[in-house]
Amino acid sequence: MSDLLPDAPGQFPAETTSFALAGPAGKLECEAKPATEGRRDAVAVICHPLSTDGGSMHNKVVTMVERSLRESGLDTVIFNFRSVGRSEGAFDHGNGESDDLAAVVAWARQVRPGAKLWLAGFSFGSYVSLRNAVALQADALISIAPPAAGRGWDFSPIKLPSCPWLVVMGDADEIVEPKAVYDWVASLPEGHKPTLVKMEETSHFFHRRLMDLRGVIKHAVKNWPPHPEHA
């Protein structure tokens, strides 16, 4: 399935590179990009929305999050969960996808030793990245439209991070109930509360608001450590 992709490189690439990483259920389709300016000693791994609803690493919200972080000085990695695109395996309701994320993070740490790890995700991808943030020792977290109520994703047992954490939620989201997310954020204990940004007149897929999302992310993370070089 992933035969046309080269194997994962042994160092972080100096230009956009697509590759196949050996994952727990077969090959994972990945793409790595270096920071565009003011490089930080950090790498961001970004998770895509629900596989069974057509989510992939090429989702426009995912690519905008990736662009925003790359423009903020981070090397970035996007990837397809098992069963999506040229990634092998079968959908596993967030369990196997957590193992996929761990495999991608392990590669990122191997090729960027000592770099801080940032995790980000959109919708289902925000559930997977949050669910694993503590175990993977993430240094920062970005959650876009996290499905904190409904759709079968249980957030209650998740160990909450204490790192810098941004939640962005559209108040006209037609898939994830905005009030449920606002209430969930409000219920979190002190020391584990994210910065919540509510985007007015914004749907789940950020139609006509993608550039606004870019601005929100870049503004929120500009002072997060590690700081960009030449800042």
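Residues numbered from 1 in each chain as written. Predicted model: local features only at pLDDT ≥ 70, side-chain atom pairs only at ≥ 80, totals over all residues. Heavy atoms only, no water.

Observations concerning the pattern of salt bridges
The final tally for this structure, using the stated rule, is 12 salt bridges. One salt bridge connects Asp-100 with Arg-82, and the closest N-O pair in it is separated by 2.9 Å. In this pair, Asp-100 is assigned in helix α2 (residues 95-111) and Arg-82 in the loop between β4 (75-79) and α2, connecting sequence segments 18 residues apart. The network of salt bridges with shared partners includes Arg-39, Asp-41, Asp-75 and Arg-112. (Salt bridge = Lys/Arg side-chain N within 4 Å of Asp/Glu carboxyl O. Helix = DSSP H or I, 4+ residues; strand = E, 2+ residues; numbered from the N terminus.)

A look at the pairing of strand β3 (residues 42-47)
Of all 6 residues that make up β3, 6 are buried, and the element is covered over most of its length. The two faces of β3 match: Ala-42, Ala-44 and Ile-46 on one face and Val-43, Val-45 and Cys-47 on the other face are all buried. Strand direction decides the pairing type here: β3 and strand β5 (residues 116-122), joined by 6 bridges, are parallel. Bridge pairing in β5 places Ala-42 opposite Lys-116. (Buried < 20%, exposed > 50% of the residue type's maximum accessible area, 1.4 Å probe, protein only. Pairing = 2+ DSSP bridges.)

Considering the pairing of strand β6 (residues 140-144)
With 5 of 5 residues buried, β6 lies mostly within the body of the structure. Residue alternation in β6 divides its side chains into two sets, Ala-140, Ile-142 and Ile-144 and Leu-141 and Ser-143, and both sets are buried. By the bridge criterion, 5 bridges tie β5 to β6 in an arrangement that is parallel. Across the sheet, Leu-119 pairs through a bridge with Leu-141, a residue of β6. Crossover handedness for the path β5 to helix α3 (residues 124-133) to β6: right-handed. In terms of strand pairing, β6 meets strand β7 (residues 165-170) through 4 bridges, oriented parallel. Its bridge partner lying in β7, Leu-141 is registered against Trp-165. (Right-handed = clockwise from strand over helix to strand, strands pointing away.)

That's the geometry; what it means functionally is another story.
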